[in-house]
Amino acid sequence: MSGETGLRERKKQRMYQTISEAAISLFLRRGFDQVSVADVAAAAEVSKPTLFRYFPAKEDLVLHRFADHEDEAARVVRDRPAGQSPLAALRRHFLEGLERRDPITGLNDAEGVLAFHRLLYGTPSLVARLFAYVSRSEEALASALAEAGPGGGADDEPGGGPDGLAARLAAGQIITVQRILAEDNWRRIAEGATAEEVHPGAVAAADRAFAMLRSGLTPYA
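Criteria and cut-off values
Residues numbered from 1 in each chain as written. Predicted model: local features only at pLDDT ≥ 70, side-chain atom pairs only at ≥ 80, totals over all residues. Heavy atoms only, no water. 1 Å grid on protein atoms, 1.4 Å probe; cavity = no way out; pocket = protein on both sides within 12 Å on 5 of 7 lines; lining within 4 Å. Points joined across faces, edges and corners; volume = space filled by probe spheres on them. Helix = DSSP H or I, 4+ residues; strand = E, 2+ residues; numbered from the N terminus. Nonpolar A, V, L, I, M, F, W, Y, C, P; charged D, E, K, R; others polar. Expected span 1.5 Å × (residues − 1). Buried < 20%, exposed > 50% of the residue type's maximum accessible area, 1.4 Å probe, protein only. Phe/Tyr/Trp six-rings, centres within 6.5 Å; stacked < 30°, edge-to-face > 60°. Lys NZ or Arg CZ within 6 Å of the ring centre and 35° of its normal.

J.: Residues and numbers for the layout of surface pockets, please.
T.: Its boundaries defined by the atoms lining it, the largest pocket holds a volume of some 630 Å³. Surrounding the largest pocket, 32 residues form its lining, F66, H69, I104, T105 and Y133 being those nearest its centre. Counting residues per element, the lining of the largest pocket draws most heavily on helix α9 (residues 161–190), which supplies six residues. When the residues that make up the lining of the largest pocket are grouped by side-chain class, the tally is 17 nonpolar, eight polar and seven charged. Put simply, the second largest pocket is a space of about 240 Å³. With four residues, the top contributor of residues to the lining of the second largest pocket is helix α8 (residues 124–148). Grouping the constituent residues of the lining of the second largest pocket by class yields eight nonpolar, one polar and four charged.

J.: Tell me about α8, and please be specific about residues and values.
T.: The end-to-end C-alpha separation of α8 is 36 Å, in line with the 36 Å expected for 25 residues at 1.5 Å each. For α8, the complete set of buried residues consists of L126, L130, Y133, V134, S137, L141, A142, S143, A144, L145 and A146.

J.: Outline the packing of aromatic side chains, supporting the account with residue identities and numerical values.
T.: Following the criterion strictly, the structure yields seven aromatic pairs and no others. An aromatic cluster is defined as three or more aromatic residues linked by ring pairs; in this entry it consists of Y16, Y54 and F55. Sitting over the face of the ring of F32, K58 holds its NZ or CZ atom 4.4 Å from the ring centroid.

J.: Hey, could you go over unusual backbone geometry for me, with residue numbers and the actual values?
T.: Only a minority of non-glycine residues have a phi that is not negative, and only a minority of peptide bonds are not trans. In this structure, E45 takes a positive phi of about 60° despite not being glycine. Relative to the helices and strands, E45 is located in the loop between α2 (37–44) and α3 (48–54). The backbone phi angle of R101 is positive, close to 60°, even though this residue is not glycine. By secondary structure assignment, the location of R101 is in the loop between α6 (86–99) and α7 (111–121).

In C-alpha cells, the structure reads:
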C-alpha cells in the first residue's frame, strides 16, 4: 500500500509542476492579467475543474514555487545540530543560501529567476497573495520556536500564553528580516549588478541583520 501511496503522491506532484510551469510560461510571455485560467488549462492539457483541484486561485499557480520554502525556517530550527541556537541555525542557513545563490535569498542573476521576480513583485494581486505565504511561514516558525524556546516548549501551546506570544513575535521579526534581505538583494541585481558583485554586501547585511536580531531575541539566540 505504501508503494501505491508513494506513486500517487509522485503523480500528484508532477501534475502540480506541469500546470504551474505551463502557467508561469504564459504569464511571463503575456502578463499575469492577460492570461485566463482557461488559457492555462489548455496549455497544461487539463480541464478547468482539474486545474482548480490543484490550484484554488490563479495566484497559486505562481506562488507554487514557494511551496517548498513555506516551512523552511521551521525545518531549519527543528533539524539544527544539538547545542546550536535557533537563531544561529537560521543565520547559517541564510548565509549558505547566499553562497549557493538560492533564488529565495534574492541573490541570483539568472534571467529566468529575474523574470519570475519581476512578474511576482510587479503584479499587485501576487504581492497580496504572498502575504498569506509569509503568514504561514511565520506560524510554522513560531511553532518550532515555541518547542525549542524558554522552558523547552513542553508546556507551551504554539501561539498561546506568554511564551507562545514571544515565539510569534520572534518568528515575525525573523521572517521579516529574511524577506527584506532577499528583496534588497533582488533590487540591487535588478538595477544592473551581478550576483557576484552583490554577494559580499549581502553577506555583510545578513550578518548585521542577524546581529540585530540576536540582541533583541536573547531567548532564541
